[in-house]
Amino acid sequence: MAQEEELLATILVELKRGTITLVVLSQLTSPQYGYSLLQLLEEKHAGIEAGTLYPLLRRLEKQGLLVSEWDTTETRPRKYYQMSLMGKRIYHQLKLEWKNVVNQMAQFI
């Protein structure tokens, strides 16, 4: 049974990996800093770890899907992320593709 549970866990990680960018983009229609985004995702039971989220934010920014801005008005500086114009276009396309995948999967299962 342990082997079966291990296999299932591996497959679930692969399944989630394919959706994490869409999940994160969906929450960045307004500016969020890393920790607030983590809390928001946790509230929605997304199950994304900080060690996964922060590198993803940096990668999405480097790819041009996000823009960031430092807020230094508080005692603790925070880097806020938001979708760029290209990020919004990509997010829109990803949503359409996701709906297609859901419809296709509904035909199979």
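Preceding this section is the structure that the text describes.
A brief structural summary. (Residues numbered from 1 in each chain as written. Predicted model: local features only at pLDDT ≥ 70, side-chain atom pairs only at ≥ 80, totals over all residues. Heavy atoms only, no water.)

Let's talk about the environment of leucine 65
Item 1. One can find leucine 65 in the loop between α4 (50-62) and β2 (66-71).
Item 2. Since its relative accessible area comes to 9%, leucine 65 is described here as buried.
Item 3. Distance in space between the C-alpha atoms of leucine 65 and methionine 83 is 5.9 Å, their sequence separation being 18 residues.
Item 4. Not counting chain neighbours up to four residues away, the residues in contact with leucine 65 comprise Leu60, Gln82, Met83, Ser84, Met86, Gly87 and Ile90. (Helix = DSSP H or I, 4+ residues; strand = E, 2+ residues; numbered from the N terminus. Buried < 20%, exposed > 50% of the residue type's maximum accessible area, 1.4 Å probe, protein only. Contact = heavy atoms within 4.5 Å.)

Digging into the nonpolar core
As a rule of thumb, nonpolar side chains are buried together in soluble globular proteins.
Item 1. Judged by nonpolar contacts, the single largest core of 18 residues is most densely connected at Val24, Leu28, Leu37, Leu53, Leu57, Leu60 and Leu66.
Item 2. Mapped onto this core, the elements with two or more residues apiece are α2 (20-26), α3 (34-43), α4 and β3 (78-83).
Item 3. Sequence-distant contacts of valine 24, that is, excluding residues within four places in its chain, are made with Leu37, Leu41, Ile48, Leu53, Leu56, Leu57 and Leu60. (Core = buried A, V, L, I, M, F, W, Y, C linked by side-chain atoms within 4.5 Å.)

Notes on the side chain of glutamine 32
Item 1. Tracing the chain through its elements places glutamine 32 in strand β1 (residues 32-33).
Item 2. For glutamine 32, a relative accessible area of 15% corresponds to the buried category.
Item 3. A polar contact is formed between the side chain of glutamine 32 and the side chain of serine 36, at a distance of 2.7 Å.
Item 4. If we skip the residues at most four places from it in the chain, glutamine 32 touches Gln27, Leu37, Leu40, Lys79, Tyr80 and Tyr81. (Polar contact = N/O pair within 3.5 Å; in protein donor to acceptor, adjacent residues only side chain to side chain.)

Details of the pattern of salt bridges
Item 1. Summed over all chains, the structure comprises 1 salt bridge.
Item 2. Between lysine 79 and glutamate 61 there is a salt bridge whose closest N-O contact spans 3.4 Å. A residue pair is termed long-range when its members are at least 10 positions apart, and lysine 79 in strand β3 and glutamate 61 in helix α4 qualify at 18 residues.
Item 3. Residue lysine 79 is classed as partly exposed on the basis of its relative accessible area of 22%.
Item 4. Among the residues examined, glutamate 61 registers a relative accessible area of 23% and is labelled partly exposed. (Salt bridge = Lys/Arg side-chain N within 4 Å of Asp/Glu carboxyl O.)

Some words on the packing of α3 against α4
Item 1. In contact at an axis separation of 11 Å, α3 and α4 are set at 125° when each is read in the N-to-C sense. By the angle between their axes, α3 is oblique relative to α4. The crossing of α3 and α4 is right-handed. Where α3 approaches α4, its residues Gly34, Tyr35, Leu37, Leu38 and Leu41 are matched on the opposing element by Ala50, Leu53, Tyr54 and Leu57.
Item 2. The residue inventory of the contact of α3 with α4, partitioned by class, reads 8 nonpolar, 1 polar and no charged. (Axes fitted to C-alpha atoms, helices over the stretch in contact; angles between N-to-C directions. Parallel < 35°, antiparallel > 145°, perpendicular 65-115°, else oblique. Left-handed = near helix turned anticlockwise from the far one by under 90°. Nonpolar A, V, L, I, M, F, W, Y, C, P; charged D, E, K, R; others polar.)

Worth remembering: the numbers are spatial, not functional.
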